[in-house]
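The lines below spell out each chain.
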Amino acid sequence: MEQKKKRTSLQTRVITAVVALLIFIPVVIAGGAWIDWLAAILAAIGMSEVFLMKKQILVSVDFVLAVLATLTWTVPDSFFAFLPKNWSKWGVFYAIVMLILTWTVLSKNKTTFDDAAVYVLSSLYIGTGFHYLAALRNSSAAHGLWRILFAFVIIWSTDTFAYLIGRKIGKHKLWPVISPNKTWEGSIGAVICAVILAAVYVNLAPVGGDKTTLIIGSFFLSIVGQMGDLVESAYKRFYGVKDSGKILPGHGGILDRFDSTLFVLPIVALIFGI
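Rules used in this analysis
Residues numbered from 1 in each chain as written. Predicted model: local features only at pLDDT ≥ 70, side-chain atom pairs only at ≥ 80, totals over all residues. Heavy atoms only, no water. Helix = DSSP H or I, 4+ residues; strand = E, 2+ residues; numbered from the N terminus. Contact = heavy atoms within 4.5 Å. Areas by Shrake-Rupley, 256 points an atom, 1.4 Å probe, with all protein chains shown as cover. Lys, Arg positive; Asp, Glu negative; His and termini not counted. Charge placed at Lys NZ, Arg CZ, Asp CG, Glu CD. Buried < 20%, exposed > 50% of the residue type's maximum accessible area, 1.4 Å probe, protein only. Pairing = 2+ DSSP bridges. Salt bridge = Lys/Arg side-chain N within 4 Å of Asp/Glu carboxyl O. Patch = residues over 30% accessible without salt bridge, like charges linked within 9 Å, V, L, I, M, F, W, Y side chains within 5 Å. Expected span 1.5 Å × (residues − 1). Phe/Tyr/Trp six-rings, centres within 6.5 Å; stacked < 30°, edge-to-face > 60°.

A. Summary view of the overall build of the protein. Assigned secondary structure in the protein consists of ten helices and two strands. In sequence order, the secondary structure elements of the protein are arranged as α-α-α-α-α-α-β-β-α-α-α-α. With respect to the three principal axes, the spread of C-alpha positions in the protein is 55 × 50 × 30 Å. Long-range pairs, those at least 24 residues apart, make up 67% of the contacts in the protein between residues at least 6 apart in sequence. When the accessible surface of the protein is totalled, it reaches about 15000 Å², and 71% of it is carbon and sulfur. Side chains of the protein carry 24 positive and 15 negative charges; the gap between the two charge centres is 7 Å.

B. Just unusual backbone geometry, in detail. Of note, K55 is a non-glycine position whose phi angle comes to about 60 degrees, a positive value. Checked against the element boundaries, K55 lands in the loop between α2 (32-53) and α3 (61-74). Exposure remark for K55: the relative accessible area of 66% places this residue in the exposed category.

C. Main features of the pairing of strand β2 (residues 179-183). Here strand β1 (residues 173-175) runs beside β2; their pairing, made up of two bridges, is antiparallel. Note that in β2 the partner of K173 across the bridge is T183.

D. Representation of the pattern of salt bridges in the model. The final tally for this structure, using the stated rule, is five salt bridges. Where K54 meets D115, a salt bridge forms, and the shortest distance between an N and an O atom there is 2.9 Å. Pair noted here: K54 is in the loop between α2 and α3 and D115 is in helix α5 (residues 113-137), with a separation of 61 residues, a long-range link. Residue classification places D115 among the buried residues on the basis of a relative accessible area of 10%. For K182, the salt bridge goes to D229, with nearest N and O atoms at 3.4 Å. Of this pair, K182 sits in strand β2 while D229 sits in helix α8 (residues 211-239), and the two are 47 residues apart along the sequence. The class for D229 is buried, based on a relative accessible area of 15%. Shared partners join several salt bridges into a network, and the residues in it are E232, K236 and D256.

E. Structural context of helix α10 (residues 259-271). Within the span of α10, buried status applies to D259, S260, T261, L262, V264, L265, V268 and A269. Next to the buried residues of α10 lie α5, α6 (144-169), α8 and α9 (254-257). Backbone geometry just downstream of α10 places G273 in the positive-phi region, at approximately 70 degrees.

F. Spotlight on a nonpolar patch on the surface. A surface patch of nonpolar side chains, amounting to about 630 Å² of accessible area, comprises W184, I188, I192, I196, V200 and L204. Mapping V200 onto the fold places it in helix α7 (residues 184-204). Look at V200 and you get partly exposed, because its relative accessible area is 43%.

G. How the structure looks around α5. Across its 25 residues, α5 extends 36 Å between first and last C-alpha, which sits within 8% of the 36 Å expected from 1.5 Å per residue. In terms of burial, α5 is a largely internal element, 18 of the 25 residues being buried.

H. View of the packing of aromatic side chains. Under the definition given, this model contains 16 aromatic pairs. Between F150 and F272, the aromatic rings sit 6.2 Å apart at their centres with planes inclined by 85 degrees, giving edge-to-face as the arrangement. Here F272 lies in the segment after α10 and F150 lies in helix α6, a separation of 122 residues in the sequence. The exposure classification of F150 matches that of F272, with both residues buried. Chaining the aromatic ring pairs together yields one cluster made of F24, F130, F152, W156 and F258.

Function-wise, these values are silent; they only describe arrangement.
Okay, here's the thing in structure tokens:
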């Protein structure tokens, strides 16, 4: 019976991964407005998972304001071109933050100051991360696709080899209080493998950046990706949940799948000067 459950679980994970990739990869390749929309949808779902982890309802003023705050960071900068010159997305975001704080009063503290802080911090974390999913892809007609794939080579190789190496030779726990299955052996091995694969990639793909800088950067990006994973583990443990959501059967939620990505993409954008 146990073997059957494991087999069914594996099949579910594989099917979900295949379907998700069949949607995700063509959108990433197409770029443009397609990936802008995808980033916005993923960001909105990510914020909904924060609410669900906090056991708060989605049909609420809180959620509408939190999603608007998140999308302020996610949408392209050009979206705010209609605003007066002395305004920017910062101004829009600050106005929404003021509305969130005002709602703590109007709701008679049913929405607390602590809740407001979680919404604001989450909107920055989720919104900025998904913003650079689209911004990196659309940063250059010649290099944009290769730049976003550079990020995913590091993220996916780090995740894969941390699991494989940790499972094979891992003995020393990395941070058992937060994530009991991760090991130092898996973490270090993952960084080494990510750097090797990144070095191969930048020498084959037209990423449009200094190769030495990118290879050195991949070392730090692999570490940053693992920190993103640990951060998500920390707040899931705080809220007492196994997964951030259930939208991806066998994989959990959007934040589960993009935990490393939300940390890595802004740094990759910084490296490329975006």
